[in-house]
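Spelled out from the first residue to the last, the chains are:
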Amino acid sequence: MNFPSELKYTKDHEWVRVEGNEAFIGITDFAQRELGDIVYIDVNTVGEEVGKDEVFGSVEAVKTVSDLFMPVTATVLEINAALNDSPELVNSDPYGQGWMVKVTLSDAAQVAELLDAAAYQALVGA
């Protein structure tokens, strides 16, 4: 499994890559493996501020549907349009082309509260 050190992680298996006052959010390699083949991403919060730990969408795999939790309070700017036609990008490239949403951070200090790669790796026992 892959745990990029430049990302921050949540106990709910989301990752965050901060770029200035914006961030990209997706699910971790561990999460996509647990879910299996991903067939649909549903995010209907574009333009909305979503609070830390609140649901911002869902991911549907062949056998289950899981909520997506916002790691930090942020306003959803855009959804990764590539996932409409190719949701399997979340399986093949969870930290790259499989990102889910781009957000504007409401409180950048919340990022420091997230797990680093080593802590997340320990959490999932990898």
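Note: the structure precedes this text.
Residues numbered from 1 in each chain as written. Predicted model: local features only at pLDDT ≥ 70, side-chain atom pairs only at ≥ 80, totals over all residues. Heavy atoms only, no water.

**Overview of unusual backbone geometry**
Reasoning step 1: Even without being a glycine, H13 presents a positive backbone phi close to 75°.
Reasoning step 2: Structurally, the position occupied by H13 is in the loop between β1 (8–9) and β2 (14–19).
Reasoning step 3: At D53, a position not held by glycine, the phi torsion is positive, near 70°.
Reasoning step 4: Tracing the backbone through its elements, the reader meets D53 in the loop between β5 (49–50) and β6 (55–61). (Helix = DSSP H or I, 4+ residues; strand = E, 2+ residues; numbered from the N terminus.)

**Here we look at the nonpolar core**
Reasoning step 1: In this structure, I27, I41, F56, M70, M100 and V103 are the most contacted members of the largest nonpolar core, which totals 27 residues.
Reasoning step 2: Broken down by secondary-structure element, the contributors of at least two residues to this core are β3 (22–27), α1 (29–35), β4 (38–42), β6, β8 (74–79), α3 (89–92) and β9 (101–105).
Reasoning step 3: Ignoring any residue separated from it by four or fewer positions in sequence, one finds M70 in contact with I25, V50, G51, K52, D53, E54, F56, V76 and V103. (Core = buried A, V, L, I, M, F, W, Y, C linked by side-chain atoms within 4.5 Å. Buried < 20%, exposed > 50% of the residue type's maximum accessible area, 1.4 Å probe, protein only. Contact = heavy atoms within 4.5 Å.)

**Thoughts on the layout of surface pockets**
Reasoning step 1: Here the largest pocket defines a volume of roughly 160 Å³.
Reasoning step 2: Lining the largest pocket are 13 residues, with D12, H13, A31, L35 and S66 positioned closest to its centre.
Reasoning step 3: Elements with a contribution of two residues or more to the lining of the largest pocket: α1 and β7 (65–69).
Reasoning step 4: Split into classes, the residues belonging to the lining of the largest pocket amount to seven nonpolar, two polar and four charged. (1 Å grid on protein atoms, 1.4 Å probe; cavity = no way out; pocket = protein on both sides within 12 Å on 5 of 7 lines; lining within 4 Å. Points joined across faces, edges and corners; volume = space filled by probe spheres on them. Nonpolar A, V, L, I, M, F, W, Y, C, P; charged D, E, K, R; others polar.)

**Here's the deal with the pattern of salt bridges**
Side chains bearing opposite charge may pair, as long as their charged atoms lie close to each other.
Reasoning step 1: For the structure on display, the rule yields four salt bridges.
Reasoning step 2: Between R17 and E19 there is a salt bridge whose closest N-O contact spans 3.2 Å. (Salt bridge = Lys/Arg side-chain N within 4 Å of Asp/Glu carboxyl O.)

**Here we look at the sheet that holds β9**
Across a sheet, paired strands are connected by hydrogen bonds in the backbone, their directions being either parallel or antiparallel.
Reasoning step 1: One open sheet holds the six strands; their spatial order is β1-β2-β3-β9-β8-β5, and the pairing between them is antiparallel. Edge strands, defined here as strands with exactly one partner in the open sheet, are β1 and β5.
Reasoning step 2: Strand direction decides the pairing type here: β1 and β2, joined by two bridges, are antiparallel. Note that in β2 the partner of K8 across the bridge is V16. (Pairing = 2+ DSSP bridges.)

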